[in-house]
Amino acid sequence: MLISLVSLLWPVAPPPVFAGRPVAPPPVFAGWPVPPPPVSERWHTWPVTRVFPAAVPGISPSGARVTYVLAGVAPEAPCRVAFQPAAVRPGCRTALRATYADSTQTYVVTVGIAVLDGPGIGPGGPGRSVTMRPATVRPAAFPGGPAARFGDRQYFTGVVVGSREPYVVATAAGYGDGRAYQPGDRAGPRLRDAARQLATALNRVMTG
């Protein structure tokens, strides 16, 4: 009876949710340090706020400071849904995606993390989509902000970054006004920089 009364007064908080499913927190013993998870397990043991930080600092081509702000995190998805076929090699287990916008909401960038069965060095195919844009992660749109109209027709450029860890990080970058790519269009230096900086930064988060 007393335990029931206590649980009503102080309810147990639900476990954190990552990519649509609960993640059990590691056991904590008083006075015992909790060992960090191995790099290969970070994608599902870390909270989503650590995998995809709320803000990522960057530098514009002119040397000015830039901040990329998280617009939203998509549910975990199969690799074939989240990535173009040429963007990752076989052995991709699952994919995590989030979209960022720069602080002026001029540029939007979807970052995709491919979780691999083994170390991933880079793209798994020829590296080009049928429109000659870089083969990369598929854009993830989020309503009510600069990424509301960001889709497959709106990305202009992208970057794929791999390492000797079991992750490949890819970006798809476009403009916050929803303009569609036309064959022959070139991405501006700031858009290319945004794609590169976010791919590099999130790869460093997962593997550093």
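Placed above this text is the structure.
First, a word on what this report is: a plain description of the structure on this page. A quick note: this is a predicted structure, and the numbers were derived from the prediction, not measured.

Basis of the calculations
Residues numbered from 1 in each chain as written. Predicted model: local features only at pLDDT ≥ 70, side-chain atom pairs only at ≥ 80, totals over all residues. Heavy atoms only, no water. Pairing = 2+ DSSP bridges. Helix = DSSP H or I, 4+ residues; strand = E, 2+ residues; numbered from the N terminus. Axes fitted to C-alpha atoms, helices over the stretch in contact; angles between N-to-C directions. Contact = heavy atoms within 4.5 Å. Core = buried A, V, L, I, M, F, W, Y, C linked by side-chain atoms within 4.5 Å. Buried < 20%, exposed > 50% of the residue type's maximum accessible area, 1.4 Å probe, protein only. Salt bridge = Lys/Arg side-chain N within 4 Å of Asp/Glu carboxyl O.

Here we take up the sheet that holds strand β8 (residues 167-175). Read across the sheet, 6 strands follow the order β3-β4-β5-β6-β8-β7 without closing on themselves; strand pairing throughout is antiparallel. Only two strands of the sheet have a single partner each, and these edge strands are β3 (55-59) and β7 (155-162). Within this sheet the neighbouring strands show an average axis-to-axis angle of 30°, counted without direction. Of the pairings in the sheet, the one linking strand β6 (residues 107-116) to β8 comprises 9 bridges and is antiparallel in character. Counterpart to Val111 in the pairing with β8 is Thr171. Contacts from helix α5 (residues 189-207) reach β3, β4 (65-73), β5 (92-102), β6, β7 and β8, with the element oriented near 155° to β8.

Across soluble globular proteins, nonpolar side chains show a tendency to be buried alongside one another. Judged by nonpolar contacts, the single largest core of 30 residues is most densely connected at Phe52, Tyr100, Ile113, Leu198 and Leu202. Those elements that place two or more of their residues in this core are β4, β5, β6, β8 and α5. At 7 residues, the largest contribution of residues to this core is made by α5. Sequence-distant contacts of Leu202, defined by excluding residues within four places in its chain, comprise Val51, Phe52, Pro53, Val56, Val111 and Val169. Grouped together as the second largest cluster of nonpolar side chains are 19 residues, Ala77, Leu116, Ala170 and Ala172 included.

Enumeration according to the criterion identifies 4 salt bridges in this entry. Between Asp117 and Arg93 there is a salt bridge; the shortest N-O distance is 3.8 Å. Taken together, the positions of Asp117 in the loop between β6 and β7 and Arg93 in strand β5 put the pair 24 residues apart, joining distant regions of the chain. Overall, Asp117 belongs to the exposed group, its relative accessible area being 59%. For Arg196, the salt bridge identified is with Asp193, shortest N-O distance 3.4 Å. You can see Arg196 and its partner Asp193 sitting in helix α5, 3 residues apart, about one turn around the helix.

Before going further, it helps to spend a moment on the side chain of Thr136. Of note, Thr136 is situated in the loop between β6 and β7. Not counting chain neighbours up to four residues away, the residues in contact with Thr136 comprise Phe83, Gln84, Ala87, Tyr155, Val159, Val160, Ala170, Thr171 and Ala172.

A few words on the environment of Pro36. Checked against the element boundaries, Pro36 lands in the loop between β2 (21-22) and α2 (42-45). Using a relative accessible area of 69% as the deciding quantity, one classes Pro36 as exposed.

Purely geometric stuff here, so don't read any function into it on its own.
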